Every structure is written in structure tokens, then in C-alpha cells.
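Each chain is listed here by its residues.
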Amino acid sequence: MDPSRIAFHGTLAQLVDKVESGEMVPKLQASHAPPCKFWTAFQVLNGIRHMAPVIHGPKGCTYSVASSYKMRGCEYRGVPLEPTTCTAQDEADVIYGGEGKLLEAVKEADQRYHPDLIVILSCCCSGIVGDDVETVAETAAFQVQARVLALRSEGFGGDFRSGYEDAFRALMDLMEPRTEVMKGTVNIIGAREGPTYTEWTQDLDEIQRLVKGIGARINGVLCGGCTVEEIRRASSAEINASWCYDWGQKLGDLMEERFGVPYARTGQPYGPAATEEWIMGVAEPLGLERQARQFIAEESAAVADEVRTLQRCFQGKTTLIEISEFPGPIRALSLARMAEEFGAHPVVINLHPYTVKERLPSLKFLLSRGENPEVILTHGIFALGSFNASASTQEDVAMIASQYDNALYVGSPLRQPGVPQLNMTTMTGYPQYGYRGIRNMARLAESGLEHAARPRSRLFKRVLYGD
């Protein structure tokens, strides 16, 4: 392997050690580093239906999140566009403050849109000026019909993870005390984006199918298209279960601490073992072990052929799982566990120290469960953060793939690594979770191996990466 292209090569545990010691975390914020706290706080709150955000800031921040989340969430899905509003701070506001303007904006949003909930989000400008958004929210609550919350989300106020966590923390103010437990009821926590779209809705559908399959009910998906009413009664659910441990963990811990709601700490249900673990993690606290065992047996029998296909496709191979073109490091690590379960040696490519630093609780959770795959980080990704379809990354991936015998690439079809590849980004390959995910991945893996010898388009490669 060309050492001039490699910034790190070792295990996940070794990479975590280097990040914690400060050895592998760049101080310069690179161009493709994670978003700021304001973005991630908005991402969570946007998953609440009939919620009108009032952003106390200039127009640019508002346009950026509305374009990325609200518009994308509503377009082409046959639902009305939900508004994103702002106070459009000007030069006078960022010198003298704009609390009066904010109060009027909240009242106008209530009168114009009649939302169930209004959330005030501060931006960098209002944060620097020190506008008291909490007091404005308390005042507005007596003058409008909607519930009103305020969240200090100025971008300089924390990293991208703190935006998620503070937003989940703010939501808990909407929850009623846990006076009566709704038996057999589960909250799915840790989702975000909406109002009609959360990440990979097919995976969410499969999780809901797993819950229903053991005889439990779902109160709501927080915050993947949930309602204010579902949030209000969430504290009375019998248990919380995470859609993704990384994002569910904080809300699970907070609700357990404040309301005593138990939290099923499980990873993502990729492959038979993790799926069974996820189901039993929900079933045992609910006293539904017998139903869960029966459901697992029936579902496992139904995908027995697909499991054998995956064993045949993965057995004895080195599985190269690339993150820079695939959605998320935690999914990549979940795939690494699944590949190992089917007899492969997993190698995760380009798990960036930015990501490691901000996901330490989740990564330590996975390490505690014995998930410690080989990790390779290239200099190109280390320098820039993460980016898509880069020519240098393509060269890096091809170079890494050439170093392993019998390798299988798992990631994006945009890459041309010169080895058989499993396309994990095609929408027809979702869900990837649960038993339906096993069925889909078996199909994708079989197709990838069957067509591995077919020539890739040189023109397509030139379009993506140049000559």
C-alpha cells in the first residue's frame, strides 16, 4: 500500500485513541467538515409536523436550511410546503438587538400558518448580540395559540452534535409527566428531518414492522414526522428504542433520567445477529420474549436462502466499506459487523477524525461490544473532511482495493475500484435494516458478483473524475 496516500491504517480502537489524544484531529475547519449547531438543531425540529420555525437571524441562514430540509422534505411527496420564517436581521438589529422584532415575527407566524408549535432558533448574529430568545418565547406563549419554544442554536455555540442534543433536550419540555404507562408501547427515537421525510423511510418502515411483529405498538417516531401530541405523551411509552443508536442515545438517556423511560441500547439491525439483538432489546423489557422468539424464527426461516447467498458472497473475502460516498460512519460500522458475521474481513475506508470526535459515545459503545474493524484513512479525505466523487479518492480506493486478494467493495456505484462491488446507495436496495434488508442485500450482492466481469463505462468515469 502506498504510504504517501495513507494518513492512518489500524483498528477502530487505535483511531479513537489518536482522536482522544488530539493526535488525529485537525484544528483547521476544512471545507467539507460537519455542519454547525444551528443546522443540526433545525434538522431535528424540522421532523415535527405542523411546526413553524422562527429563525432569529439573517435571511441567508434561513434559506440554507429551508432549501436543504423543508423544501426537500415536501417537494414531490404530495404534501403542502411547510414554512420556514425568519426575522431577517439587518444592520440595526445586530447592533441594537431585535427582541421586539422577534416577538412580532412569532405572532405573525401564528396568525399566518396556525401551527401546533413554534420554535425560535437563534443564529450567530442574535447570539452575539445576546437577544433573550427564551424570554421572548415566554412572552409570546401568552399571545399566540401555538406552543412556543426557544433554542439557543447559534452556530458558534457548539459542534454539530450539540445541535441534535440540545434540540432533543428542548423537546422534553413538551412532554407530560409519566403518570400512567402505556403498556406495550414504544417510542422510536433519534430520527430527524421531515415533516414527511426522514432518512431512508424504508428502514424506518422495517423497524416499525419488527415492533409490530412482536405485538408491540409505536407511539411515535421522534423526530421523523412525529406530531406534537406524540411528543407530549412520549414519556408514557413503556420503552424507548433507537432508530440509530448514535442519534437516539442522548434522548434515550435524557428521558430515562427525567421520566424513568427504559431505553433499549442496541445497534442498527444490519444482518441476522444485529436484527435479532434489536428485536430482543425491545421485547425483553416489554415481557414479549416468547412472541419475539417466534417472530424471529418465522422471519429467519423466510430469509434462509438469502442468508446462504450472503454467506456465499462474503465468505473469505475482504470487504471494503467506503464512507465518503455512502451515508454515514455508523452504518458503515454496522455493515462491517454484518460482513464479519458472514465470514468476511471488513475494512472501513475513510472514517474521518471529525466524525470520530463527534461520535465518541457511540463508537465506544460499539467497541464495548467487540466491534473493532480495520480502518484506513487516506490523506485526501483527512485534509478535506469528506467529499463526493473526487478523482483522488477514486485513485485511493482503487489503490487500496488492489492490495487485497478477493476483495469486495461495498459503497457507491460511482466508484470503479476494479473489484466486484455492492451498490449500497440504490433506492431499490432499501430497506437495509432487518429481514427485508437481508433480502435486499442478498440480491445486491449476488448481482454485484454476477456482473463483476462486465466492463465499466470509461465515458462515465471520465465524466466523474476527468481524464
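What you see is a predicted model; the values in this text were computed from it and never measured.

Before going further, it helps to examine the pairing of strand 10 (residues 318-322). Counting buried positions along strand 10 yields five of five residues, so the element is predominantly enclosed. Here strand 10 shows a buried face lined by Thr318, Leu320 and Glu322 and a second buried face lined by Thr319 and Ile321. When strand 10 meets strand 11 (residues 345-349), the two strands line up parallel, connected through five bridges. By the bridge assignment, threonine 318 is partnered in strand 11 with histidine 345. Of the strand pairs in this sheet, strand 10 and strand 13 (residues 407-411) are connected by four bridges, and their pairing is parallel. Note that in strand 13 the partner of isoleucine 321 across the bridge is valine 410.

Nonpolar side chains collect at one region of the surface, where Val94, Ile95 and Tyr96 lie side by side and expose about 370 Å² of accessible area between them. Tracing the sequence through the fold places tyrosine 96 in helix 4 (residues 93-96). For tyrosine 96, a relative accessible area of 72% corresponds to the exposed category.

Moving on, we get to the packing of aromatic side chains. This model, assessed by the stated rule, comprises four aromatic pairs. Ring centres 5.8 Å apart and planes at 70° place the aromatic pair phenylalanine 160 and tyrosine 164 in the edge-to-face group. In this pair, phenylalanine 160 and tyrosine 164 are both assigned in helix 8 (residues 160-171), four residues apart and thus about one turn of the helix distant. A ring pair is formed by tryptophan 243 and tyrosine 433, whose centres lie 5.6 Å apart and whose planes are at 50°; its orientation type is tilted. In this pair, tryptophan 243 is assigned in the loop between strand 8 (237-242) and helix 11 (245-259) and tyrosine 433 in the loop between strand 14 (421-423) and helix 20 (434-450), connecting sequence segments 190 residues apart. Comparing tryptophan 243 with tyrosine 433, the two get one shared label, buried. Taken together, the aromatic side chains of Trp243, Tyr270 and Tyr433 make up a single cluster linked through ring pairs.

Because an α-helix completes one turn every 3.6 residues, residues spaced three or four positions apart along the sequence face the same direction. Between its terminal C-alpha atoms helix 13 (residues 289-302) stretches 20 Å, which fits the 20 Å expected from 14 residues at 1.5 Å a residue. Along helix 13, the positions that sit buried rather than exposed are Ala292, Phe295, Ile296 and Glu299. The arc enclosing the buried residues of helix 13, seen along the axis, measures out at 100°, which places them on a common side. Exposed positions of helix 13 whose direction lies more than 90 degrees from the buried face are Arg290 and Ala301. Among the structural elements, helix 9 (201-213), helix 12 (271-286) and helix 20 are those in contact with the buried residues of helix 13.

What follows deals with the sheet that holds strand 5 (residues 147-151). Spatial strand order, 3-2-4-5: four strands in an open sheet with parallel pairing. At either margin of the open sheet sits one strand with a lone partner, and together these are strand 3 (85-86) and strand 5. In this structure, strand 2 (residues 51-56) lies alongside strand 3, joined through two bridges in parallel fashion. Across the sheet, the residue bridging to valine 54 is threonine 85, located in strand 3.

For the rest of this paragraph, the subject is unusual backbone geometry. The omega angle of the peptide bond from leucine 222 to cysteine 223 is 0°, so this bond is cis rather than trans. The step from tyrosine 430 to proline 431 runs through a cis peptide bond, and the omega angle for that step is 5°. Mapped onto the elements of the fold, proline 431 is located in the loop between strand 14 and helix 20. Positive phi is not limited to glycine here, since asparagine 406 has a value of about 60°. The residue asparagine 406 is located in the loop between helix 19 (391-401) and strand 13 in this model. Asparagine 406 gets classed as partly exposed once you look at its relative accessible area, which sits at 46%.

Attention now goes to the sheet that holds strand 6 (residues 182-189). Whenever strands of a sheet pair, they do so through backbone hydrogen bonds, lying parallel or antiparallel. Ordered in space as 7-6-8-9, the four strands form an open sheet in which the pairing is parallel. With one partner strand each, in any of the chains shown, strand 7 (217-222) and strand 9 (263-264) form the two edges of the open sheet. Pairing analysis gives five bridges linking strand 6 to strand 7, with the strands arranged parallel. When the bridges of strand 7 are listed, asparagine 187 appears paired with glycine 220. Packing against the sheet, helix 12 makes contact with strand 6, strand 8 and strand 9, and its axis sits at approximately 165° to strand 8.

Once that is clear, we can look at the packing of helix 1 (residues 12-20) against helix 17 (residues 360-368). Relative orientation and spacing of two packed helices are given, respectively, by the angle between their axes and the distance between those axes. Running from amino to carboxyl end, helix 1 crosses helix 17 at an angle of 150°, the nearest separation of the two axes being 11 Å. Note that helix 1 runs across helix 17; the crossing there is left-handed. Here helix 1 contributes Leu12, Ala13, Val16 and Glu20 to the contact with helix 17, which in turn contributes Leu360, Leu363, Lys364 and Leu367.

Attention now goes to the side chain of serine 153. Its place among the elements puts serine 153 in the loop between strand 5 and helix 8. Relative accessible area serves as the criterion here: at 0%, serine 153 is assigned to the buried category. A polar contact is formed between the side chain of serine 153 and the backbone oxygen of serine 122, at a distance of 2.8 Å. The contact partners of serine 153, leaving out residues within four places of it in the chain, are Lys37, Phe38, Ala41, Leu121 and Ser122.

Scoring rules and cut-offs
Residues numbered from 1 in each chain as written. Predicted model: local features only at pLDDT ≥ 70, side-chain atom pairs only at ≥ 80, totals over all residues. Heavy atoms only, no water. Buried < 20%, exposed > 50% of the residue type's maximum accessible area, 1.4 Å probe, protein only. Helix = DSSP H or I, 4+ residues; strand = E, 2+ residues; numbered from the N terminus. Pairing = 2+ DSSP bridges. Patch = residues over 30% accessible without salt bridge, like charges linked within 9 Å, V, L, I, M, F, W, Y side chains within 5 Å. Areas by Shrake-Rupley, 256 points an atom, 1.4 Å probe, with all protein chains shown as cover. Salt bridge = Lys/Arg side-chain N within 4 Å of Asp/Glu carboxyl O. Phe/Tyr/Trp six-rings, centres within 6.5 Å; stacked < 30°, edge-to-face > 60°. Expected span 1.5 Å × (residues − 1). Arc of directions from axis to C-beta. Contact = heavy atoms within 4.5 Å. Axes fitted to C-alpha atoms, helices over the stretch in contact; angles between N-to-C directions. Left-handed = near helix turned anticlockwise from the far one by under 90°. Polar contact = N/O pair within 3.5 Å; in protein donor to acceptor, adjacent residues only side chain to side chain.

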